[in-house]
Amino acid sequence: MTPSRLFVLLALAVAALLGVGPARSQEGAPPPAAESANAASGDVDALIRILQDERARNALIDRLRESAPRAPAPADPVKSPEAAKTAGDGPPAEPTEASANDAAKTAEGTAEPSFARRAAEYTRAVAERAAGLAAASKVLIGDLTSIFTGGTGGQGFDWGRLVAVALTIAVTFGVFIGLRAIGIPYYRWIGRRAAAAGFAGRGVLLLASVLVDALMIVIAWGSGYAFALQFGSSGVMNIQQTLYLNAFFAVELTKVALRALLSPAQPPLRALPIGDEAAAYWYFWLSRIVSALGYTFLFVAPIIAAAVSPGAAQAIRVVVAFATLMMAVAIVLQNRDRVRARLAGKSEAMDGDLLTAFYGFLARFWHVVALAWLLALFVVWLVNPGEALPFMARATAQTLVAVAAGALVSTLISKLIAGGMHVPSEVKARLPALEARLNAFVPAILKVVRLVVLFVVLLAIAQSWALVDFLGWLSTTAGAEFAASTITAGFIVLVGVGIYLGASSWIDYRLNPEFGHVPTAREKTLLALFRNAFTIVLIVLVAMLALSEIGVDIAPLLAGAGVIGLAIGFGAQTLVKDIITGAFIQFENAMNTGDNVKVAGVQGTVERLTIRSVGIRSLDGTYHLIPFSAVDSVSNTTKIFSYHLIKMGVAYRESIPEVKQAMQEAFDRLKQHEAHGPSIIGPFDLQGLTEFGDSAITVRARIKTEPGKQWAVGRAYNEIVKEIFDERGIEMPFPHVTLYMGEDKEGKAPPLHVKGDIGMAPVHPDAPQAIAAPARRPTTAPSESKDSGRYDGPGEETSGS
């Protein structure tokens, strides 16, 4: 093979790599002679274009330098002066300034470039690229004439090929528009079906509409290929037709995806939850951006590169890309206030956590971030489209996926927080406090999870843009240990919360009188104390385990807690006394919740018991909180059983056996009472006459009742015994006042003249001049004689004339 032929082949390889060589697509291969002639002609034209274009020429030179054979490296790259002389190489060369600069540049190139250096390199590249594009733009106008004239600067266009491409475009779009017109009734029908269908039905109909839409694209694309092959020269389609058909297929399939997401014509088939106006707006702009970029980069630019020069094609790409950038900037500025209001609404709907601040920040600066990203995308594509552009496209896609996933999870969590936790009615009946307890814990945990999701999304974005190498750090020993410790600590906290909920629910179930056996007062007290003590122990244990998992040494914490406990023991002796006294009171079962006790001079019902104090509600409704250090004795009137003590005072003239019989009869009636009879747990303890009072004698008895029932039973017994005493005429004396008017020498009292409207008859002069005025009537009262009608007990006397 001659050197000239080798040079031409190398030029063709470089041209193929740069994408500027002519390409052909045909169905059948030409004869070998024609193939050789066409190859020779194409080789010369390609070499001419490469040598005329500065960028392609430089790339060819670099490729030739890389493919040139290199001398084998010596076995010992570092030689001493003696060894060099022995080998016959002569004395080593003295280092020159140029070699020193080269070594410095080599060392600098091998080192990791800093951010400032990378920024400087990008700035220099942008400036050089802008200068090159300016130079290419100057010759672009002159080179465009070669499209029609076929000048020396390019291949030129064959009018036959131009007509063939135009006809292919017309056939493809004609078939596509016809199919779309035929499919309008189908889309309307499927839209009506989707409006009345459920979620799954809408998904199936949406998939069906997307498949039909894509099928129309395939049919139109196939029609264009069939036309190009059928009416082409000798059944061969030119490269321009192939470029157009491929561009049409890619662009229109992208629009199919846009129509599936936005569906401006059929709202029921819209995948995204946006309004009709917004869907039409975004489809209008996005479809035009896709068309401009797709047809320019996939169809127009390759034709310009083949017909004129790669520089002219790049200029066309830059112009279209800059126009697209301006459209994107206009879209961002038009929607700045709308997106800001939506993000601000999300921020106000939050509960004031870190996510609220994040949404507030996005609401204020989202357009700045979007504009910076658009500008960065344009500059990166302009400077290094071969390496930086794929990286930025990949990072952008990963960012969008991370943001979409984070937004979806955050939205679900926000809905769970807003809706609250609900338990079934059967579970709620057994565990009344479970729903409230879940609504107290679960939303807080979900808020933490939402912040973790935000942190993970930010880390994913930073990882996508190579700002941090979080995955690489996780692969190290320290990163793996940190991740494992964090996950384990979080798992410990969740297990602790679950244990607390389970223990509290079990206690609630045991205290629920509607299920199982009715809890006793002792069980209520001990379970309440157990819940408090268990909660404290669980919190301390979970905190210690979680801290130890994340690498915190808990030994100093335990030692410090011991020292603090000792200091508290000396400084808070009253508190220690409260706890110790309360512990012994609970061990001895002196009182429980619901008992009626007298503690520190306060009588009432125990409502709350802790390890330090007791809460008592007195009869007038006052709540007393008494520390156990102030308790020297406990008087419990509701322990095991109770007694109602009866001290019945009757007149001295009454018969004791008759009184006992009446009291026994009252007890018998009481025992037959539906409400109070079951509360009596023992026989009537009638003890007999126990006291002689000033005006009454006392007969005592006791009624044994269930704990706490003695007061209700006693009230009912008093009512019954009063009725029986009235029926039998047994008197229960009460205090009287005697008014003495004096008497004359004959021993007769003067007449008492009473005036007023009280309706009293005149008092006869011979009647005893004494008027009894009733006073307060106690249970034990002085008796009145049945024979004389006068009071036997002492009274207050007032003399008069």
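Here, the structure is the one placed above.
Quantities reported herein were computed from a predicted structural model and do not represent experimental measurements.

Colleague: Describe the overall build of the protein, and please don't skip the residues or the numbers.
Modeller: A tally of helices and strands in the protein yields 24 helices and 11 strands. Scored against the burial criterion, the 801 residues of the protein give a buried share of 31%. The long-range fraction of contacts in the protein, counting pairs at least 24 apart against all pairs at least 6 apart in sequence, stands at 67%. Total accessible area on the protein stands at roughly 47,900 Å², and carbon and sulfur atoms take up 65% of it.

Colleague: Which residues make up the packing of helix α17 (residues 434-464) against helix α19 (residues 477-511), and what are the values?
Modeller: Two elements in contact, α17 and α19, have axes whose closest approach is 11 Å; the angle formed by their N-to-C orientations is 170°. If you check the angle between α17 and α19, you find them roughly antiparallel. On α19, the residues that touch Leu434, Arg437, Leu438, Phe441 and Ile445 of α17 are Leu494, Val497, Tyr500, Leu501, Ser504, Ser505 and Asp508. Counted by class, the contact of α17 with α19 contains 8 nonpolar, 2 polar and 2 charged residues.

Colleague: I'd like to hear about the nonpolar core, residue by residue, with values.
Modeller: Counting residues in each nonpolar core, the largest one holds 25 residues, and the members touching the most others are Met663, Ile703, Tyr717 and Phe725. For this core, the secondary structure elements donating two or more residues are β6 (642-650), α23 (656-671), β8 (697-705) and α24 (710-728). Ignoring sequence-local partners within four residues, the contact set of Tyr717 consists of Ile646, Met663, Ala666, Phe667, Leu670, Phe684 and Ile703. Core analysis: the second largest hydrophobic core is formed by 17 residues, Val165, Leu245, Ala247 and Val251 among them.

Colleague: Tell me about the sheet that holds strand β7 (residues 685-692), and name the residues and values.
Modeller: Ordered by their spatial adjacency, 3 strands build an open sheet running β6-β8-β7, and the pairing between neighbours is antiparallel. Of all strands in the sheet, those with a lone pairing partner are β6 and β7, marking the two edges. Across the sheet, the mean angle separating the axes of adjacent strands is 25° when strand polarity is ignored.

Colleague: So what about α19? Which residues, and what values?
Modeller: Relative to the 51 Å expected for 35 residues at 1.5 Å per residue, α19 spans 51 Å between its end C-alpha atoms, a close match to the ideal helical length. N-cap assignment for α19: the residue whose side-chain oxygen lies 3.3 Å from the backbone N of Gly479 is Thr476.

Colleague: Hey, could you go over the packing of aromatic side chains for me, with residue numbers and the actual values?
Modeller: The way to describe two aromatic rings as a pair is by their centre distance and the angle between their planes. Following the criterion strictly, the structure yields 21 aromatic pairs and no others. Plain terms: the ring middles of Phe391 and Trp465 are 6.4 Å apart, the flat faces sit at 90° to each other, and that makes the pair edge-to-face. Pair noted here: Phe391 is in helix α15 (residues 388-419) and Trp465 is in the loop between α17 and α18 (470-475), with a separation of 74 residues, a long-range link. Residue Phe391 is classed as partly exposed on the basis of its relative accessible area, which comes to 31%. A relative accessible area of 23% places Trp465 in the partly exposed class. These aromatic residues form a ring-pair network of at least three members: Phe173, Phe176, Tyr244, Phe248 and Phe299. Positioned above the aromatic ring of Tyr643, the side-chain terminus of Arg702 is 3.9 Å from the ring centre. Over the face of the ring belonging to Phe641 we find Lys704, whose NZ or CZ atom lies 4.3 Å from the ring centre.

Colleague: Can you tell me about the side chain of Thr172, naming the residues and giving the values?
Modeller: Relative to the helices and strands, Thr172 is located in helix α8 (residues 159-196). Exposure remark for Thr172: the relative accessible area of 0% places this residue in the buried category.

Colleague: Help me get a handle on the sheet that holds strand β3 (residues 613-618), residues and values and all.
Modeller: Strand order in the open sheet made by the 5 strands is β4-β3-β2-β1-β5, with antiparallel pairing throughout. With one partner strand each, in any of the chains shown, β4 (623-627) and β5 (634-636) form the two edges of the open sheet. The sheet shows a mean angle of 40° between the axes of neighbouring strands, taken without regard to direction. By the bridge criterion, 5 bridges tie strand β2 (residues 602-609) to β3 in an arrangement that is antiparallel. Counted as the bridge partner of Val606 is Ile616 from β3.

Conventions and cut-offs
- Residues numbered from 1 in each chain as written.
- Predicted model: local features only at pLDDT ≥ 70, side-chain atom pairs only at ≥ 80, totals over all residues.
- Heavy atoms only, no water.
- Helix = DSSP H or I, 4+ residues; strand = E, 2+ residues; numbered from the N terminus.
- Buried < 20%, exposed > 50% of the residue type's maximum accessible area, 1.4 Å probe, protein only.
- Contact = heavy atoms within 4.5 Å.
- Areas by Shrake-Rupley, 256 points an atom, 1.4 Å probe, with all protein chains shown as cover.
- Axes fitted to C-alpha atoms, helices over the stretch in contact; angles between N-to-C directions.
- Parallel < 35°, antiparallel > 145°, perpendicular 65-115°, else oblique.
- Nonpolar A, V, L, I, M, F, W, Y, C, P; charged D, E, K, R; others polar.
- Core = buried A, V, L, I, M, F, W, Y, C linked by side-chain atoms within 4.5 Å.
- Pairing = 2+ DSSP bridges.
- Expected span 1.5 Å × (residues − 1).
- Polar contact = N/O pair within 3.5 Å; in protein donor to acceptor, adjacent residues only side chain to side chain.
- Phe/Tyr/Trp six-rings, centres within 6.5 Å; stacked < 30°, edge-to-face > 60°.
- Lys NZ or Arg CZ within 6 Å of the ring centre and 35° of its normal.

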